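# Close look at the chain arrangement
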Amino acid sequence: MSEIVQMERGHLSPAKARDPAPLGVTAQQAPELVARAAALAVQLAVLAAAHDSSGAPPAPQFALLHDADLLRLTIAKEAGGHGAGLATARAVVGAVAQGDPAVALILSMHYSMHAAIARSQQAGSGEWSAALATELIAASLQGPALLNAAQVEPELGSPSHGGLPAARARRVQGGWQLSGHKIYVTGGPLLAWISVLAVTDEDKPRLGSFVLPRGTPGSRLVETWDPMGMRATVSQDLLLEEAWVPDHHAVGLRPAAQGLQREAHGIAWYFSLVASVYDGAARAARDWLADFLNHRRPSALGGASLASLPTVQEKFGEIEVLLQASDCLLDSHARAYDAGSAPDGLAAVAKHVAVENAVRAATLALELAGNHGLARRNPLERHLRNVLCSQIHSPPNNLIRSNAGRAGLQRR
């Protein structure tokens, strides 16, 4: 199924997709960490409405995550982290998402980046320099030093569809100067580090990422994020004008002629965690609906609740089936990935199914709630807005289906 994850003009790197991720969390520790995230989600849910309304960066939420010792989840154990694999990270992200999926999305990016660093160190690939990895890890152990990537551009769109970024890295003494315009930088104002995808100005250009510390002269975030849902992700624009980074902040430089090389491990983490974010948002919608149906007692029912109606039970059961199917698939994939036995392409299938099921579940919740589901005083309309944002994460599900169809027809 490896063809399913291929982008239309993108490529996978030759990394072995079946190598297990670095593990450190024991079977006893993982449930405790997930339970800690689930308990914290209750606090995050209280804060979610205000941040959705204002679009303010969820800085207090990440202070809570740091205090709960969850930000070092995917940092390698030997480097001072928990060393969690994908199954534990997915479960934590999903639990956080039930409180606030915007916070969970920022968290998922941070987890994926540190998992990549841990993987590079374990494999000795040199993808991330030892000096840079040490710097990033030390900062994250001390406080909420969040890390994410900036890849999308106004003209290019997502690099997943092919093409090279317009952002340029110019060689200067001791490092690089970055210039360009990035959009949709998830968590922008909260990030301590931004990994900027750019092409070098060398005679034989290379494509790679350059890790930019927050506050670097020549860099600034612009408040452009004003979406329908997931407002607290504060996915701002990043403008760069000769922003300097040292040599050792360059990551994964390869000949630009090869195009963007999507590393198989990174794809698995990205698909799994993003899908878990929206699965969690749909579960929050389900939970609110269950409470509403049990307490709503129209006079026409003589004091009985809506939950007592067989038609309502059947429709609510459809939501349950959708979410249970997603959980089974996402969990099975993550555990197989950690064991090194996940089939190529299963991550894309899991993402597709979980996103489709989340949208369907939230839509069914609205049907059952009626006008109450659209009322701003109730959180269901926010959950629905958030879930609908699942459809914009690259590659969209129609591209996953097209790739799967093309691969299936070629095999036959």
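Keep in mind it's a predicted model, so treat the numbers as computed, not measured.

### Quick word on the overall build of the chain
In terms of regular secondary structure, the chain is built from 11 helices and 10 strands. For the chain, the spread of C-alpha atoms along the principal axes amounts to about 80 × 50 × 45 Å. Residues classed as buried in the chain amount to 54% of the 412 residues present. In the structure as shown, the chain presents an accessible area of about 17300 Å², 54% of it carried by carbon and sulfur atoms. Here the chain holds 35 positive side-chain charges and 36 negative ones, and the gap between their average locations is 3 Å.

### Here we look at unusual backbone geometry
A cis amide bond links Ser-394 with the next residue in sequence, Pro-395, at an omega value of -5 degrees. Tracing the sequence through the fold places Pro-395 in the loop between α10 (380-388) and α11 (397-411). If you check the backbone angles, Tyr-184 has positive phi at about 60 degrees while not being a glycine. Topologically, Tyr-184 is positioned in strand β4 (residues 175-185). We note that Glu-242 has phi near 55 degrees; this positive angle belongs to a residue other than glycine. On the secondary structure map, Glu-242 appears in strand β8 (residues 236-246). The class for Glu-242 is partly exposed, based on a relative accessible area of 45%.

### So, the nonpolar core
Membership of the largest hydrophobic core comes to 63 residues, with the highest contact counts inside it found for Phe-62, Leu-65, Val-96 and Tyr-111. The contacts of Leu-65, once residues within four sequence positions are left out, are Leu-40, Leu-70, Leu-71, Val-96, Val-103 and Leu-107. Grouped together as the second largest cluster of nonpolar side chains are 24 residues, Ala-285, Phe-292, Leu-306 and Ala-369 included.

### Remarks on the pattern of salt bridges
Scanning the model with the defined rule gives 16 salt bridges in all. Here Asp-287 ties to Arg-286 by a salt bridge, and the two come within 2.6 Å at their closest N and O atoms.

### Focus: the side chain of His-383
Mapped onto the elements, His-383 comes out in helix α10. When residues no more than four places from it in sequence are discounted, the contact partners of His-383 are Ala-281, Ala-284 and Ala-285.

### Focus: helix α4 (residues 101-123)
In an α-helix there are 3.6 residues to a turn, and that puts residues three or four apart on one side. For α4, spanning 23 residues, the distance from its first C-alpha to its last is 32 Å, which sits close to the expected 33 Å at 1.5 Å a residue. Across the 23 residues of α4, 20 count as buried, placing the element largely inside the fold.

### Brief notes about the packing of aromatic side chains
Within the structure shown, the criterion is met by four aromatic pairs. Ring geometry for Tyr-184 versus Trp-225: centroids 6.1 Å apart, planes at 75 degrees, classification edge-to-face. With a gap of 41 residues between them, Tyr-184 in strand β4 and Trp-225 in the loop between β7 (219-222) and β8 connect regions that are remote in the sequence. Assessed through its relative accessible area of 25%, Trp-225 is described here as partly exposed. Above the ring of Trp-176, the side-chain terminus of Arg-171 is found at 4.3 Å from the ring centroid.

### A closer look at the pairing of strand β5 (residues 191-200)
In terms of residue burial, β5 counts as a mostly covered element, since 10 of its 10 residues are buried. As defined by bridge partners, strand β3 (residues 168-172) adjoins β5 across two bridges and the pair is classed as parallel. By the bridge assignment for β5, Ala-169 is matched with Thr-200. In this antiparallel pair of consecutive strands, β5 and strand β6 (residues 206-213), the connection spans five residues.

Each value, and the rule that gives it
- Residues numbered from 1 in each chain as written.
- Predicted model: local features only at pLDDT ≥ 70, side-chain atom pairs only at ≥ 80, totals over all residues.
- Heavy atoms only, no water.
- Helix = DSSP H or I, 4+ residues; strand = E, 2+ residues; numbered from the N terminus.
- Buried < 20%, exposed > 50% of the residue type's maximum accessible area, 1.4 Å probe, protein only.
- Areas by Shrake-Rupley, 256 points an atom, 1.4 Å probe, with all protein chains shown as cover.
- Lys, Arg positive; Asp, Glu negative; His and termini not counted.
- Charge placed at Lys NZ, Arg CZ, Asp CG, Glu CD.
- Core = buried A, V, L, I, M, F, W, Y, C linked by side-chain atoms within 4.5 Å.
- Contact = heavy atoms within 4.5 Å.
- Salt bridge = Lys/Arg side-chain N within 4 Å of Asp/Glu carboxyl O.
- Expected span 1.5 Å × (residues − 1).
- Phe/Tyr/Trp six-rings, centres within 6.5 Å; stacked < 30°, edge-to-face > 60°.
- Lys NZ or Arg CZ within 6 Å of the ring centre and 35° of its normal.
- Pairing = 2+ DSSP bridges.

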